[in-house]
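Per-entry structural report
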Amino acid sequence: MGLVLQHVTKQFGSFVAVDDVTLCIPEQRMFGFLGANGAGKTTTFRMILGLLEPTKGEITWNGERITYKHSHLIGYLPEERGLYPKLKVKEQLIYLGRLRGLRKEEIVKEMRHWLERFKIPQYEHQKVEQLSKGNQQKIQFIAAVLHRPSLLILDEPFSGLDPVNVEMLKEAVIDLQQQGTTIVFSSHRMEHVEQLCEHICIMHKGKPIVHGSMKELKRSFGKKNVIIHGELPFETLTEVPGVLKMEKTVEGVRLQIADEHVSQHILEHIYAKGFIRKFSLEEPSLNDIFIEKVGAAYEQ
Ligand code: ATP
């Protein structure tokens, strides 16, 4: 059953921040929310967590409305990082873990496991304010998963992290999903969502303009990309019927085509006109889908 949102709307006065969202987030899967600043992602998360009451609609987790009694099942990494700067890492995690109903020994065991995994065991006795922003974020992630929640909500988990830490956090998130956690996260970075999620929702001005399985979205988008590397007269390729866009890259061009059959005409067009180092037909990227769908929504 998973997480179900039915006609969920949130108004702040007359302003509609989330507008009639109906979504199903399958259990034990990774679900990505994309959208520009102000699209309504954080407001949606706050409603899922019960921190904000929807103006209209209903949210259920495995058939039940989410209330305080579910808090031990849910983990949350908020966008605004909220640790107490003067507390030491261990004290902080014990405090937060106790709020989730864990025993001190369990918390310390779990905390040490994560600190080791994130390669920061030396920070156990340091004050949060003495840690770098990225390391504070890792501590806050630990706080969100200490109690092994079955639903984990991560608001911009990768923002502000260096590439090594992004990889470390991604691996942790994948492991949790493989162990059965349902994970919902938001990001502005397409490639993170593309790599991690089977299901996505693109929000725009409070509305989900695209949602569903990534595979299905890519397939139904229809358009594909052709990547060509080589020394060729690329300019004339825009004349080939079905070539919608051409973008120069360092090694050649990236073409958007109306459907996969166009690639054959492109190949015929460039054949024997120069040196072809690479020619490949690829699925549309999430970025292509985002640009087209959000662009169309802006024009409405
Ligand atoms: P970002 O990517 O910048 O975090 P977001 O998609 O998470 O954006 P939200 O934080 O959900 O967007 O905000 C959606 C809209 O609702 C914004 O226009 C915001 O200003 C507005 N909003 C959010 N909370 C409140 C509030 N408490 N009172 C009034 N307006 C609010």
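Since the structure is predicted, the reported quantities are computational estimates derived from the model, not experimental observations.

We note that the domain assignment places domain 1 (3–218) and domain 2 (223–283) within the protein. Computed from C-alpha atoms alone, the centre-to-centre distance between domain 1 and domain 2 is 40 Å.

UniProt tags residues 3–230 as "domain: ABC transporter" (unreviewed entry). Helix makes up 34% of residues 3–230 and strand 31%, with an end-to-end C-alpha separation of 48 Å.

The next subject is the state of the cysteines. Every disulfide links exactly two cysteines, by a covalent bond between their sulfur atoms. The tally for this structure, following the rule as stated, stands at 0 disulfides. Of all cysteine sulfurs, the one in Cys201 lies closest to Cys24, which takes part in no disulfide; the gap is 12 Å. Judged by its relative accessible area of 46%, Cys24 falls in the partly exposed class. Its sulfur unpaired, Cys201 is 11 Å from the next cysteine sulfur, which belongs to Cys197.

Okay, the pairing of strand E10 (residues 207–213) next. The pairing of strand E9 (residues 199–204) with E10 spans 6 bridges and is classified as antiparallel. Along E10, the bridge assignment pairs Met203 with Pro208. Between the antiparallel neighbours E9 and E10 lie 2 residues, among them Lys205 with a positive phi of about 50 degrees.

Summed over all chains, the structure comprises 7 aromatic pairs. Residues Trp114 and Phe141 carry aromatic rings whose centres are separated by 5.8 Å and whose planes lie at 75 degrees to one another, so their mutual orientation is edge-to-face. Residue Trp114 is located in helix H3 (residues 104–117), and its partner Phe141 is located in helix H4 (residues 133–145); the two are separated by 27 residues in the primary sequence. Taking the relative accessible area as the measure of exposure, Trp114 reaches 4% and is therefore buried. You can call Phe141 buried: its relative accessible area is 0%. One Lys or Arg, Lys223, reaches over the ring of Phe221 and ends 5.2 Å from the middle of that ring.

The 6 strands lie next to each other as E6-E7-E8-E3-E9-E10, forming an open sheet whose pairing is mixed. Sheet topology places strand E6 (74–77) and E10 at the edges, where each strand pairs with a single neighbour. Shown here is a sheet whose adjacent strand axes are inclined to one another by a mean of 15 degrees, direction ignored. Running over the sheet, helix H1 (residues 41–48) touches strand E3 (30–35), E6, strand E7 (151–155), strand E8 (182–187) and E9 and is turned about 150 degrees from E7. Those strands touched by helix H7 (residues 214–221) are E9 and E10, and its axis lies near 105 degrees from that of E10.

With that settled, consider H1. In terms of residue burial, H1 counts as a mostly covered element, since 7 of its 8 residues are buried. Within the span of H1, buried status applies to Lys41, Thr42, Thr43, Thr44, Phe45, Met47 and Ile48.

The environment of the ligand is formed by 13 residues, the closest being Gly38, Gly40, Thr42, Thr43 and Glu79. Within the contact set of the ligand, an oxygen atom lies 2.9 Å away from a backbone nitrogen or oxygen of Gly40. With respect to the ligand, the side chain of Thr42 contributes an N or O atom lying 2.7 Å from an oxygen atom. If you list the elements that add at least two residues to the shell around the ligand, you get strand E2 (15–25) and H1. When residues in the shell around the ligand are grouped by element, the largest group, 3 residues, is from H1. Per-class residue counts for the shell around the ligand are 5 nonpolar, 6 polar and 2 charged.

Residue placement: Gln179 occurs in the loop between helix H5 (163–178) and E8. With a relative accessible area of 62%, Gln179 lands in the exposed category. Here the alpha-carbon distance between Gln179 and Tyr84, two residues 95 residues apart in the chain, equals 30 Å.

Judged by side-chain polarity, Tyr84, Tyr95 and Leu99 come together as a nonpolar surface patch covering roughly 330 Å² of accessible area. Tracing the sequence through the fold places Tyr84 in the loop between E6 and helix H2 (89–99). Judged by relative accessible area, Tyr84 falls into the partly exposed class, the value being 43%.

Cut-offs applied
Residues numbered from 1 in each chain as written. Predicted model: local features only at pLDDT ≥ 70, side-chain atom pairs only at ≥ 80, totals over all residues. Heavy atoms only, no water. Domains from an automatic or database assignment. UniProt positions renumbered as here; feature names shortened; annotations may be inferred. Helix = DSSP H or I, 4+ residues; strand = E, 2+ residues; numbered from the N terminus. Disulfide = S-S within 2.5 Å. Buried < 20%, exposed > 50% of the residue type's maximum accessible area, 1.4 Å probe, protein only. Pairing = 2+ DSSP bridges. Phe/Tyr/Trp six-rings, centres within 6.5 Å; stacked < 30°, edge-to-face > 60°. Lys NZ or Arg CZ within 6 Å of the ring centre and 35° of its normal. Axes fitted to C-alpha atoms, helices over the stretch in contact; angles between N-to-C directions. Contact = heavy atoms within 4.5 Å. Near = heavy atom within 4 Å. Polar contact = N/O pair within 3.5 Å; in protein donor to acceptor, adjacent residues only side chain to side chain. Nonpolar A, V, L, I, M, F, W, Y, C, P; charged D, E, K, R; others polar. Patch = residues over 30% accessible without salt bridge, like charges linked within 9 Å, V, L, I, M, F, W, Y side chains within 5 Å. Areas by Shrake-Rupley, 256 points an atom, 1.4 Å probe, with all protein chains shown as cover. Salt bridge = Lys/Arg side-chain N within 4 Å of Asp/Glu carboxyl O.

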